[in-house]
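Chains, contacts and geometry: an overview
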Amino acid sequence: MHISAESALAIAAKVESFVREAVIPLEGDPRIGPHGPSEELVAHLRKLAREAGVMTPHIRPDGTHLTQQQTAWVLKKSGLSILGPVAVNTAAPDEGNMYLIGKVGTPAQKSRFLTPLVRGDARSAFFMTEPAADGGAGSDPSMMQTVAVKQGEEWVISGRKAFITGAVGAKVGIVMARTRVEPRTAATMFLVDLPDPAIRIERVLDTIDGAMPGGHAVVSIENLHVAADQVLGAPDEGFAYAQVRLSPARLSHCMRWHGAATRAQEIAAGYACTRQAFGKLLIDHEGVGFMLADNLIDLKQAELMIDWCAGVLDAGSLGTVESSMTKVAVSELLFRVADRCVQVMGGTGVTRDTMVEQVFREIRAFRIYDGPTEVHKWSLAKKIKRDAAVTPASSARAPDA
Ligand SMILES: Cc1cc2nc3c(=O)[nH]c(=O)nc-3n(C[C@H](O)[C@H](O)[C@H](O)COP(=O)(O)OP(=O)(O)OC[C@H]3O[C@@H](n4cnc5c(N)ncnc54)[C@H](O)[C@@H]3O)c2cc1C
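Right, let's walk through the structure included here. Computed from a predicted model, the values in this text were never measured in an experiment. (Residues numbered from 1 in each chain as written. Predicted model: local features only at pLDDT ≥ 70, side-chain atom pairs only at ≥ 80, totals over all residues. Heavy atoms only, no water.)

**A look at the overall build of the protein**
- The number of helices and strands found in the protein is twelve helices and eleven strands.
- Its C-alpha atoms give the protein a radius of gyration of 22 Å, within 12% of the compact-globule value 21 Å for 401 residues.
- Taking all 401 residues of the protein together, 51% fall into the buried category.
- As displayed, the protein has an accessible area near 18,200 Å², and 57% of this comes from carbon and sulfur atoms.
- Charged side chains of the protein number 43 positive and 45 negative; the gap between the two group centres comes to 1 Å. (Helix = DSSP H or I, 4+ residues; strand = E, 2+ residues; numbered from the N terminus. Rg over C-alpha atoms; globule rule 2.2 N^0.38 Å. Buried < 20%, exposed > 50% of the residue type's maximum accessible area, 1.4 Å probe, protein only. Areas by Shrake-Rupley, 256 points an atom, 1.4 Å probe, with all protein chains shown as cover. Lys, Arg positive; Asp, Glu negative; His and termini not counted. Charge placed at Lys NZ, Arg CZ, Asp CG, Glu CD.)

In structure tokens, the structure reads:
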């Protein structure tokens, strides 16, 4: 059952108080390493979230999700701290995985794989991308090398995956593997329990970002046996389900990073309004004031794009085009915001004394995952070409009278 706007705003306000009062003070916790917060810290944050009544705030106890527009109110608040989404269980990849299992999973799959995720008792990983060195799937998922072969009532999966966020520590996996080549490559999604000896972590990559527990792993899968009833949805429909997951997942990244960029702006504004140079506050130097003003404008533009795309999804569309446009616009806008925040704060901006430096690094990575900017623009250009073929523009000028 859908909830009212007032109730959703109340949830968002509760999440904001929790993040500001209980989570932000833990941002300097020594249990945060280069590959994100430790499992111990995640468990502690989630205990606090449960006590505060803000665990998985975008999914109601009866299993219904807030609308995308309401989700945006809540997820932006969870993003005010880098640790916020993990604490309240709105983080990637769990948020997108929960959404997908909720949409496509059978009742038995939901009770086995979804329930522990929604409760925040388990984390999950999404295994799609493959190492570039293997010529595997990246921007182009149809290059998938990992294969699944049906043997009796089981599927046997082998291959390698890369950049698998949270694979270390996850209890639930969604593994994508190629299940057909002719007439067109098709893939299937499989739900698996983790850890599994057939899924070996080769290494955890050292990346520019560091918010997500478990980091991003290169993984080899060798003869992983999966029961037929663990196929998520129907066989060969993996690419279609990736589309179902993609738009809301892209949008939720925009929401969380909007919250983080808002926080960076708060910190930078605080610095500019207290730090003096050449006899006056930094904010009173036009060069600084204009950077913060540009940030305000960019944050509002990003918010409006998120709201527009959320409305499209709420109207029942897959929103593939709109979420592409929004992902590009918001990731680029927020990156500029974060970059200006670093600049406003001078040397302090590049130190780990505040969250601004990490927000900058996190949003840099966001310009690549869930589709690099160029790939989205390329697919938008293909749509423009298709549309132009259907309705050719009338370019001829009317003859002079
Ligand atoms: C921090 C992080 C977390 C991630 N987490 C996960 C995860 O949990 N699970 C998962 O499966 N994957 C994950 N990924 C992988 C991510 O989805 C891929 O990195 C992304 O799809 C790009 O693939 P690639 O890295 O192989 O880049 P490539 O495919 O090698 O592309 C490199 C560059 O080429 C350009 N390019 C490619 N195609 C085009 C085109 N058609 N037109 C113009 N330019 C183009 C783009 O600039 C692109 O950045 C993660 C990545 C990062 C960085």
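Next comes the rest of the account.
**Side note on the packing of helix H3 (residues 68–78) against helix H8 (residues 286–314)**
- As a packed pair, H3 and H8 sit with axes 8 Å apart at the nearest point and diverge in direction by 140°. Within the contact between the two elements, H3 uses Gln68, Gln69, Ala72 and Lys76 and H8 uses Glu303, Ile306, Asp307, Ala310, Gly311, Leu313 and Asp314.
- In terms of residue class, the contact of H3 with H8 is built from four nonpolar, three polar and four charged. (Axes fitted to C-alpha atoms, helices over the stretch in contact; angles between N-to-C directions. Contact = heavy atoms within 4.5 Å. Nonpolar A, V, L, I, M, F, W, Y, C, P; charged D, E, K, R; others polar.)

**Some points on the pattern of salt bridges**
- Within this structure, the stated rule accounts for 23 salt bridges.
- Among the salt bridges present, the one from glutamate 303 reaches lysine 76, with a minimum N-O distance of 4.0 Å. On the criterion of sequence distance, the pair formed by glutamate 303 in helix H8 and lysine 76 in helix H3 is long-range, its members being 227 residues apart.
- Where aspartate 298 meets arginine 336, a salt bridge forms, and the shortest distance between an N and an O atom there is 3.9 Å. Taken together, the residues span a long stretch of sequence, with aspartate 298 in helix H8 and arginine 336 in helix H9 (residues 320–344) at a distance of 38 residues.
- Looking at arginine 336, the relative accessible area reads 39%, which means it is partly exposed. (Salt bridge = Lys/Arg side-chain N within 4 Å of Asp/Glu carboxyl O.)

**A look at the pairing of strand E5 (residues 154–165)**
- Note: strand E4 (residues 147–151) against E5, five bridges, orientation antiparallel. Each residue of the ladder has a partner; that of valine 149, found in E5, is valine 156.
- Two elements, E5 and strand E9 (residues 216–227), share nine bridges in a ladder whose sense is antiparallel. Within the sheet, the bridge partner assigned to arginine 160 lies in E9 and is serine 220. (Pairing = 2+ DSSP bridges.)

**Remarks on the side chain of arginine 245**
- Secondary-structure assignment places arginine 245 in helix H7 (residues 238–272).
- We note that arginine 245 is buried and unpaired, the nearest opposite charge coming from aspartate 370 at a distance of 4.9 Å.

**Side note on the site of the ligand**
- Around the ligand, the structure places 16 residues, and the nearest of them are Thr129, Ser139, Phe163, Thr165 and Glu374.
- Residue serine 139 places a side-chain N or O atom 2.7 Å away from an oxygen atom belonging to the ligand.
- Backbone polar atom of phenylalanine 163 to a nitrogen atom of the ligand: 2.9 Å apart, as the coordinates give it.
- In isolation the ligand has 980 Å² of accessible area, and contact with the protein removes 69% of it.
- At the level of elements, E5 and helix H12 (373–390) are the ones that each hand at least two residues to the shell around the ligand.
- Each residue belonging to the shell around the ligand can be placed in one class, and the counts come to nine nonpolar, five polar and two charged. (Near = heavy atom within 4 Å. Polar contact = N/O pair within 3.5 Å; in protein donor to acceptor, adjacent residues only side chain to side chain.)

**Some thoughts on unusual backbone geometry**
- Following glutamate 182, the chain continues to proline 183 via a peptide bond in cis, the omega torsion being -10°.
- The topology assignment puts proline 183 in the loop between strand E6 (172–180) and strand E7 (186–193).
- For asparagine 223, which is not glycine, the phi torsion reads 50° and is therefore positive.
- Within the secondary structure, asparagine 223 is located in strand E9.
- Its identity is not glycine, yet aspartate 370 carries a phi of approximately 55°, on the positive side.
- Note that aspartate 370 resides in the loop between helix H11 (356–366) and H12.

**Quick word on the nonpolar core**
- Core analysis: the biggest nonpolar cluster contains 60 residues, and Phe18, Trp257, Leu334, Val359 and Ile363 have the highest contact counts within it.
- Elements represented by at least two residues in this core include exactly helix H1 (5–23), helix H2 (39–52), H3, helix H4 (84–88), H7, H8, H9 and H11.
- Counting residues per element, this core draws most heavily on H7, at ten residues. (Core = buried A, V, L, I, M, F, W, Y, C linked by side-chain atoms within 4.5 Å.)

**Considering the environment of arginine 112**
- Among the secondary structure elements, arginine 112 is positioned in helix H6 (residues 107–118).
- When its relative accessible area of 38% is taken as the criterion, arginine 112 is described as partly exposed.
- Between the C-alpha atom of arginine 112 and that of leucine 191, which follows or precedes it by 79 residues, the distance is 9.8 Å.
- Those residues within four positions of arginine 112 in sequence are excluded, and the remaining contacts are Asp193 and Gln230.

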